[in-house]
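The residues making up each chain are set out below.
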Amino acid sequence: MEKVVNLCKRRGFVYPGSEIYGGLGSSLDYGPLGVELKRNVKEAWWREIVTGRDDVVGLDAAIIMHPRVWEASGHLAGFTDPLVDCKGCKQRFRADQVAGPRCPECGGELTEARQFNLMFKTFVGPVEDTAHVAFLRPETAQSMFVNFRNVLETSRLKLPFGIAQIGRSFRNEITPGNFLFRTREFEQMELEFFVRPGEDEQWYDYWRQARLEWYARLGIKRERLRLRPHGRDELAHYAKACVDVEYAFPFGWSELEGIANRTDFDLRRHSEYSGKDLTYFDEERRERYFPYVIEPAAGADRSTLAFLVDAYDEDEVEGEARIVLRLHPRLAPYKAAVFPLLRKDGQPERARRIYDALRGHFPVDYDQAGSIGRRYRRQDEVGTPFGITVDHDTMKDGTVTLRDRDATTQIRLAEDRLVEELRARIETPAT
């Protein structure tokens with residue numbers, strides 16, 4: 001894990017937040033390569049869940065919602081963690097993560113556990129009083145339930161159908177940590193899939209398998225993935241069933257995504273609290289009811305971290321050690337890098353023309369500093385799957401060398417076939 005964190009800082013994937021001021025706990029900023037990687041993760045999810053289907057539509061809702069939303073959802077009363085304080089060093093811990101009555105840091109006496117609400121409180125408008133209290137959303141799901149009727153009326157969808165959203169959420173975690181895994185500000189990729197009561201179990205089975213397969217298709221090793229069903233004692237108050245897609249991080253098996261059968265809890269509660277009818281009229285059955293909801297909820301940051309950790313590798317090429325990120329080409333920040341073999345004989349100018357032509361199709365990099373081997377290593381380290389080298393033969397016959405990051409093999413290819421070849425390799429990489 002430490003190697004991945006160091007690589008992220010050194011190569012511009014992730015920086016400590018507010019670093020010049022000493023940082024802020026659990027605050028991280030995505031650098032030039034990190035923002036591209038995370039954007040690719042989100043786009044792969046959106047393509048899988050929304051644009052690749054005809055039964056799901058998207059939403060982008062406001063972060064600050066009416067306070068009654070969180071009353072109806074149960075967050076105001078029940079979105080809490082047990083908190084203990086050390087009477088000696090004054091540090092705070094989640095009570096369920098402390099063994100025994102003594103502080104894990106200094107050995108001091110701990111207070112009795114008390115419940116701590118994880119929502120960030122703020123105020124709407126210039127007056128800071130109870131009438132103007134609002135909250136930063138702790139999840140994106142509720143906005144999809146609140147907009148259920150709007151989407152139904154404007155999209156003319158019929159069950160089963162889904163509403164999907166990618167957006168920021170905020171949780172005032174007592175003990176954030178493990179780099180990108182647990183932060184107070186994060187992005188979620190959530191789908192609320194509405195189904196007929198009685199058909200919920202088959203859709204629950206469908207989505208838990210589909211979500212597991214998504215991670216595997218994008219390159220995560222199957223032996224590092226598993227489905228872990230929740231026991232009855234850990235189910236959320238709204239859930240009939242829930243399973244986590246877990247990944248074997250260096251710090252242990254931990255959740256990437258939860259797939260929950262939320263029953264009709266949310267629509268029923270929001271209908272009750274708002275006074276608006278959020279039922280669905282089933283024309284085929286000629287009856288009205290609250291749909292059940294299957295919810296696959298993934299973390300964009302956790303997924304990005306899992307792809308980074310799983311891709312990290314160290315090997316040896318031509319007697320030299322190298323660090324390589326074996327990212328799936330669809331996720332890699334750069335799809336290819338272009339190199340002139342020499343900085344003379346018109347090679348840089350030719351390489352620049354190829355670079356300019358390719359970047360109209362893909363994110364690509366250009367590098368002419370140092371030996372060609374060193375340039376390959378730099379690109380391997382940031383996960384660039386393909387290297388394109390302009391050399392003497394290019395100047396004579398218009399062919400270039402195309403190098404594969406993982407196999408380190410090379411082929412010669414006409415430069416006018418590069419776009420076609422790269423597109424095929426990005427969409428269907430060699431296994």
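Okay, so let's go over this structure. The model shown is predicted, which means the values in this text are computed figures rather than measured ones.

**A closer look at the sheet that holds strand 20 (residues 364–366)**
And step 1. Judged by pairing direction, the sheet is mixed, and its 5 strands sit side by side in the order 20-19-21-22-23 without closing on themselves. Of all strands in the sheet, those with a lone pairing partner are strand 20 and strand 23 (410–414), marking the two edges. Adjacent strand axes in the sheet meet at a mean angle of 25°, parallel and antiparallel pairs treated alike.
And step 2. Judged from the 3 bridges that link them, strand 19 (residues 336–340) and strand 20 form a sheet pairing that is parallel.

**Remarks on unusual backbone geometry**
And step 1. Following Leu159, the chain continues to Pro160 via a peptide bond in cis, the omega torsion being -5°.
And step 2. Considering the arrangement of structural elements, one finds Pro160 in the loop between helix 6 (148–155) and strand 9 (161–170).
And step 3. Look at Lys90: it is not a glycine, yet its phi comes out positive at around 70°.
And step 4. Of the residues examined, Lys90 reaches a relative accessible area of 61% and is grouped as exposed.

**A look at the packing of helix 2 (residues 32–51) against helix 9 (residues 300–311)**
And step 1. The interhelical angle for the contact between helix 2 and helix 9, taken along N-to-C directions, is 110°, at an axis separation of 10 Å. The angle between helix 2 and helix 9 falls in the class roughly perpendicular. The two elements helix 2 and helix 9 meet at a crossing, and its hand is right-handed. Between helix 2 and helix 9, the contacting residues are Leu37, Lys38, Val41 and Lys42 on the first element and Ala300, Asp301, Ser303, Thr304, Phe307 and Leu308 on the second.
And step 2. Grouping the amino acids of the contact of helix 2 with helix 9 by side-chain chemistry returns 5 nonpolar, 2 polar and 3 charged.

**Focus: the pattern of salt bridges**
And step 1. Per the counting criterion, the structure on display carries 55 salt bridges.
And step 2. Measuring nitrogen to oxygen at the nearest pair gives 2.8 Å for the salt bridge that ties Asp264 to Arg268.
And step 3. Classification of Asp264 by relative accessible area gives buried; the value is 14%.
And step 4. With a relative accessible area of 42%, Arg268 lands in the partly exposed category.
And step 5. Its salt-bridge partner being Arg322, residue Asp315 comes within 2.7 Å of it at the nearest N-O pair.
And step 6. Exposure remark for Asp315: the relative accessible area of 24% places this residue in the partly exposed category.
And step 7. Residue Arg322 is classed as buried on the basis of its relative accessible area of 4%.
And step 8. Salt bridges sharing partners connect three or more residues here, namely Asp313, Asp315, Arg322, Arg326, Asp380, Arg403, Arg405 and Asp406.

How each quantity is defined
Residues numbered from 1 in each chain as written. Predicted model: local features only at pLDDT ≥ 70, side-chain atom pairs only at ≥ 80, totals over all residues. Heavy atoms only, no water. Pairing = 2+ DSSP bridges. Helix = DSSP H or I, 4+ residues; strand = E, 2+ residues; numbered from the N terminus. Axes fitted to C-alpha atoms, helices over the stretch in contact; angles between N-to-C directions. Buried < 20%, exposed > 50% of the residue type's maximum accessible area, 1.4 Å probe, protein only. Parallel < 35°, antiparallel > 145°, perpendicular 65-115°, else oblique. Left-handed = near helix turned anticlockwise from the far one by under 90°. Contact = heavy atoms within 4.5 Å. Nonpolar A, V, L, I, M, F, W, Y, C, P; charged D, E, K, R; others polar. Salt bridge = Lys/Arg side-chain N within 4 Å of Asp/Glu carboxyl O.

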